[in-house]
Amino acid sequence: MYFPLFYLTLSSVCLCRFTFASDPSVIIIGAGPAGIAAAAKLLENSITNIKILEAENRIGGRINSVEFSESGKFVDLGAEYCHGQTNNIVYELVKDLNILEPISQDFSPALYYSNGSRLDSAFTEELQAVILGYDSHDSNYNTTGAAIGDIFLKKYNATIVKKYQNDNEKSKILKEALRLAEQVSLMIDGAFSWIDTSAVKHYERSEGHQLLVWKGRGYKTILEVLTKQHPDPKEKLPIDDKIFLNTQVSKITWSSNNEVVVKTLDNTTHVADHVIFTPSVGVLKEQRDALFDPSLSSPKLKAIEAIGIGGVMKIIMHFDNEWWRDEDVIFAFLWSKEDLSNVAREFPFGPIKNEISWLSAVTVMAKVPGNPGVLIAWLTGDFVPEIEQTPVETLKDGCNYLLNKFLGKDYNITTPDGILKSTWRSNSHFRGTYSYERAGCDKDNIRYQEDLAEPLKVQGKPVVLFAGEATNPVHYSTVHGAIETGYREAQRIINLYKKH
Ligand SMILES: Cc1cc2nc3c(=O)[nH]c(=O)nc-3n(C[C@H](O)[C@H](O)[C@H](O)COP(=O)(O)OP(=O)(O)OC[C@H]3O[C@@H](n4cnc5c(N)ncnc54)[C@H](O)[C@@H]3O)c2cc1C
C-alpha cells in the first residue's frame, strides 16, 4: 500500500533532520467526521495541544442529525447510511454496539408514472436492474476518458430499448425513464450531470449491507463513538474545550519559521506546528486562492479541478399517520413527456427553468426505518441550488401535489405536519454534498485524491496536512472514507514524534 510506505520514509527522514517540540501544537480546521476522527486519534496518542476551528455553530459537518417531530428521534439532513461492513471503519467501530440495522433486505422501489399508475413489478424490476447497474463495467465499451452518461446510453439502447423496440408503450416509457436513470446516478455520485461523471471509478465498495441505518439515533452517533462518549459517557475524550464553533478560518500562512499561522474571520491569529485541513473540495474550489499563502502548487490545483462536487438535496417530511403500506420502502417518480411539460402550469409555484418545474428534480421518496411517519425526498440535478432557496411552505405544497399526482389513486395521502430542507450547496462551508471523479480525468492516470492529500511541507516537514472525504482514493464521498483520512493525517503527525 502507498500510504504506510510513505509514512515510514517521511518519519525517518524528518526525525534525522529536525528536532520538534515533544508536545506539538495542532490546529484542525473543520469538526466534521475527518476532523473529529483526527482529534480523537491525536488525543488517544497523548498529543493534547490541539484546537479544532469550526465555521458552523455545531460539530458534525456533513453529518447533521436533527431531532424531528415529538418522537425524540433524529433524522439526517446529511449522511444517513453506513455503506457496507467489510473494510469499513464506521461499521468496525460500532459493530458490537447494536446500533445499526439494515433497511429491508430485498426491496423494489414502487415506481409510479405521472398518470398515477404503478408500473407492473416485472417491468419495474427489469428497469431497476438496468438503472442501478448504470455504472457496471462492460468490456464491450471503451470507458477511458468517457462520461458515465454516454456509456450508459449506449448500453441502454443496445439492451432494454432494443428488446422492447416493437412495444410502443414500453418504448415510450423507456425513453422517458432515461431522465430517471440520470437522476439515480446523480443521487449516488452527487454530480449535477452524468456527462460530468467519469465512467471509470476508483471507489472500492465495502462488502455487506449497503444501507445500514441508526435506529432513529442519527448518523451523529458515530461522532459520539469516535469521541468515546458512547457507550460510556464517563470515557469521553477531553475534546469539548478544544472545539471553537463559529470560527471560520480565512487565511493559512504556512511557509515561514516552521510554524503555521491561521487567521480567522474575527481577525484572531492562531499559531501551530501543524494544521490539518478538512473542509470539502467545494470549499477548496471557491476559496483556495484566498485561503493559502503561499498559494497551492499546480498538482494540488489540478486535483481540486479534477475532483467534482455537485449537490443533492433532501426534503424531510413528517406525517402524523403513515398512509403508505408496510412493504413500501421507496417511491420513484417517472414523468411522461407530456406531464413534464405541463407541470409548471399546473403547479406554478417555486423555481421553473426552461418551462419545467422544480418538481421534476424530486427523484425518490424513501421511508426511514426507526423514524415512524417520516419520508425523505431526494432531489437531484442542477436545479438543486435554486430549490434550496425556496421557502419550505412551497416545498411542502409541491411535495403534496407530487404525491397526489403520482400516488393519489393508490393511497389516501395526507399533508405533512413537519418539514425540513437541506442547503448543502448554498452553504459556503460546504458548497456541495460529496465528491466524485470527473469525466476525462482518468486519462492522465493520476489519482487526484492522493495529490489532494499530499501535505504542504517546509524543509521536508509536513506543516499543512489534508484530510476529508475527497482525499480518500478509494472511499471518497463517504463518512467512513472521511474518518479514514482523519486517522491517516493524525497518524502522520504521531509518527513524526514517536520515540524510537
Ligand atoms: C445529503 C448528504 C447525504 C449523504 N449521505 C451519505 C451516506 O448515506 N453515507 C455516507 O457514508 N456518506 C454520506 N454523505 C457524505 C458524508 O456526509 C461526507 O462524505 C462526510 O461527512 C465528509 O466528512 P468530512 O469531515 O470530510 O467533511 P465535512 O463533513 O464537510 O467537514 C468539514 C468541516 O469543515 C468546516 N469548514 C469549512 N470551511 C471552514 C473554514 N474556512 N473554517 C473552519 N471550518 C470550516 C465545515 O463547516 C465542516 O464542518 C452524505 C452527504 C450529504 C451532504
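Definitions and limits used
- Residues numbered from 1 in each chain as written.
- Predicted model: local features only at pLDDT ≥ 70, side-chain atom pairs only at ≥ 80, totals over all residues.
- Heavy atoms only, no water.
- Near = heavy atom within 4 Å.
- Polar contact = N/O pair within 3.5 Å; in protein donor to acceptor, adjacent residues only side chain to side chain.
- Areas by Shrake-Rupley, 256 points an atom, 1.4 Å probe, with all protein chains shown as cover.
- Helix = DSSP H or I, 4+ residues; strand = E, 2+ residues; numbered from the N terminus.
- Nonpolar A, V, L, I, M, F, W, Y, C, P; charged D, E, K, R; others polar.
- Phe/Tyr/Trp six-rings, centres within 6.5 Å; stacked < 30°, edge-to-face > 60°.
- Buried < 20%, exposed > 50% of the residue type's maximum accessible area, 1.4 Å probe, protein only.
- Lys NZ or Arg CZ within 6 Å of the ring centre and 35° of its normal.
- Arc of directions from axis to C-beta.
- Contact = heavy atoms within 4.5 Å.
- Axes fitted to C-alpha atoms, helices over the stretch in contact; angles between N-to-C directions.
- Parallel < 35°, antiparallel > 145°, perpendicular 65-115°, else oblique.
- Left-handed = near helix turned anticlockwise from the far one by under 90°.
- Core = buried A, V, L, I, M, F, W, Y, C linked by side-chain atoms within 4.5 Å.
- Domains from an automatic or database assignment.
- Pairing = 2+ DSSP bridges.

Looking up the protein chain in an unreviewed UniProt entry gives the name Amine oxidase domain-containing protein, with the organism given as Asbolus verrucosus.

Draft legend 1. Broad picture of the site of the ligand. Looking at the ligand, there are 35 residues lining it, with E54, R62, Y81, E469 and V479 nearest. In this structure, a nitrogen atom belonging to the ligand sits 3.1 Å away from a main-chain N or O atom of A55. One of the backbone N or O atoms of Y81 is found 2.8 Å from a nitrogen atom in the ligand. In isolation the ligand exposes 1,000 Å². Once the protein is present, 99% of that is buried. Going through the elements one at a time, α2 (33-44) and α14 (479-497) are the ones with two or more residues in the shell around the ligand. Considered class by class, the residues forming the shell around the ligand number 16 nonpolar, 14 polar and 5 charged.

Draft legend 2. Spatial organisation of the packing of aromatic side chains. Enumeration according to the criterion identifies 21 aromatic pairs in this entry. With 5.8 Å between their ring centres and 55° between their planes, F277 and F466 make a pair best called tilted. Remark: F466 occurs in strand β24 (residues 461-466) and F277 occurs in strand β12 (residues 274-277); sequence separation between them is 189 residues. Taking the relative accessible area as the measure of exposure, F277 reaches 1% and is therefore buried. On the basis of relative accessibility, which here comes to 1%, the residue F466 falls in the buried class. An aromatic cluster of at least three residues, connected via ring pairs, comprises Y112, F319, W323, W324, F331 and Y411. Positioned above the aromatic ring of F123, the side-chain terminus of K170 is 5.0 Å from the ring centre. One Lys or Arg, K353, reaches over the ring of F383 and ends 5.0 Å from the middle of that ring.

Draft legend 3. Main features of helix α9 (residues 298-306). By the burial criterion, the buried members of α9 are K300, A303, I304 and A306. Taken around the axis of α9, the buried residues stretch over an arc of 170°, which confines them to a single face. Those residues of α9 hidden inside the fold are in contact with α8 (281-291), β14 (307-309), β22 (435-437), α13 (448-453), β23 (456-458) and β24.

Draft legend 4. The packing of helix α4 (residues 121-132) against helix α5 (residues 148-163), seen in detail. Between α4 and α5, the shortest axis-to-axis distance is 11 Å and the interhelical angle comes to 165°. The angle between the axes of α4 and α5 places the two elements in the roughly antiparallel class. Of the two possible hands of crossing, α4 and α5 adopt the one that is right-handed. Residues E126, L127, V130 and I131 of α4 pack against F152, Y156, I160 and K163 of α5. Grouping the amino acids of the contact of α4 with α5 by side-chain chemistry returns 6 nonpolar, no polar and 2 charged.

Draft legend 5. Fine view of the nonpolar core. L127, L334 and W378 are the most contacted members of the largest nonpolar core, which has 47 residues in total. At the level of elements, β6 (110-113), α4, α5, α6 (168-189), β16 (330-334), β19 (362-367) and β20 (374-379) are the ones that each hand at least two residues to this core. In terms of residue count, the dominant contributor to this core is α6 (8 residues). When residues of this core are assigned to domains, at least three map to each of domain 1 (2-83 + 89-98 + 215-308 + 439-497) and domain 2 (104-204 + 313-421). Setting aside residues up to four positions removed in sequence, L127 forms contacts with L111, Y156, I160, L174, A177 and L334. Core analysis: the second largest hydrophobic core is formed by 43 residues, I36, I52, I222 and A490 among them.

Draft legend 6. Representation of the sheet that holds strand β9 (residues 249-253) in the model. Spatial ordering of the open sheet is given by β11-β10-β9-β13, a layout of 4 strands whose pairing is mixed. Looking at which strands have only one partner, the edges of the open sheet turn out to be β11 (269-272) and β13 (292-293). Pairing geometry for β9 and β13, over 2 bridges, is parallel. In the strand pairing of β13, T253 is matched with D293.

Draft legend 7. Just the sheet that holds strand β15 (residues 313-318), in detail. The strand order across the open sheet built from 6 strands is β6-β16-β19-β20-β15-β21, with neighbouring strands paired in mixed fashion. With one partner strand each, in any of the chains shown, β6 and β21 (418-421) form the two edges of the open sheet. Across the sheet, the mean angle from the axis of one strand to that of its neighbour is 20°, orientation sign disregarded. Relative to β19, β16 runs antiparallel, the two being bridged by 3 bridges. Across the sheet, residue A332 finds its bridge partner in β19, namely V364. On top of the sheet, α6 reaches β6, β16, β19 and β20; it is set at about 65° to β19, its chief contact. Of the strands in this sheet, β6, β15, β16, β19 and β21 touch helix α12 (residues 392-407), which is tilted by about 85° from β16.

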